[in-house]
Amino acid sequence: MDYDLINAQLDALIHDEPHFLPNLCNASALLFDSLPDLNWAGFYLKILTDTSGKPNGKSELLLGPFQGKTACIRIPYGKGVCGTSAEQDKIQRVADVHLFPGHIACDSASASEIVIPLHARDGQVVGVLDLDSPVKDRFSPEDEEGLAVFARILEQHCDLHPLS
Ligand code: SME
């Protein structure tokens, strides 16, 4: 996969716009269009309030811009692949989601998944990039490396911060 090209396209798409919302929308569309064998590509973003607008006291991820089937809206830190990646601030590359304890199945077709944490300028985790595939073991170390650069470009160009 030509991640140099994909990452150059991302840079061209977002470098004039600091707002995270359109940039994450275009980023998810770019990945969904460019990478074969995906059934979901998108973002979950850290939110500080619960559904009634009160501080939630614990960290949660809220569904952000994405391409693919409808997905679950809130994921607590530590839950599923996304919540684990956010809590541990660690990339999760899962060859078989059915073997991942607590995996959240938004689409029963998903077989493998990769999740990359996103950071604010102060270094705190503010969300994740999540890709799902219907193919087992779809994501290679090369995908991990290319997507980590993709995430760093987003961090550099978008004003990412927790949502309230
Ligand atoms: N599978 C994820 C949930 C999000 S969907 O894949 C879009 C998880 O276990 O965190």
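Our subject is the structure that appears above.
Below is a summary of the structure that appears in this document. Owing to the predicted nature of the structure, the values given are computational and were not obtained by experimental measurement.

What counts and how
Residues numbered from 1 in each chain as written. Predicted model: local features only at pLDDT ≥ 70, side-chain atom pairs only at ≥ 80, totals over all residues. Heavy atoms only, no water. Phe/Tyr/Trp six-rings, centres within 6.5 Å; stacked < 30°, edge-to-face > 60°. Buried < 20%, exposed > 50% of the residue type's maximum accessible area, 1.4 Å probe, protein only. Near = heavy atom within 4 Å. Polar contact = N/O pair within 3.5 Å; in protein donor to acceptor, adjacent residues only side chain to side chain. Areas by Shrake-Rupley, 256 points an atom, 1.4 Å probe, with all protein chains shown as cover. Helix = DSSP H or I, 4+ residues; strand = E, 2+ residues; numbered from the N terminus. Nonpolar A, V, L, I, M, F, W, Y, C, P; charged D, E, K, R; others polar.

1. Considering the packing of aromatic side chains
- Tallying each qualifying case throughout the model produces two aromatic pairs.
- Measuring from ring centre to ring centre gives 5.9 Å for Trp40 and Tyr44, while their planes differ by 25°; the resulting arrangement is stacked.
- Take Trp40: its relative accessible area is 5%, and that puts it in the buried class.
- Seen in terms of ring centroids, Trp40 and Phe66 are 5.1 Å apart; in terms of plane orientation they differ by 15°. Their pairing is stacked.

2. Looking at the site of the ligand
- By nearness alone, 13 residues border the ligand, and Val81, Cys82, Ile104, Glu113 and Asp132 come closest of all.
- Asp130 is positioned such that a nitrogen or oxygen atom in its side chain is 3.4 Å from an oxygen atom of the ligand.
- The fraction of the free accessible surface of the ligand (300 Å²) that becomes covered by protein chains is 99%.
- Residue assignment for the shell around the ligand shows that the elements contributing at least two residues are β1 (40–49), α3 (80–88) and β6 (125–133).
- Taken together, the residues of the shell around the ligand break down into eight nonpolar, two polar and three charged.

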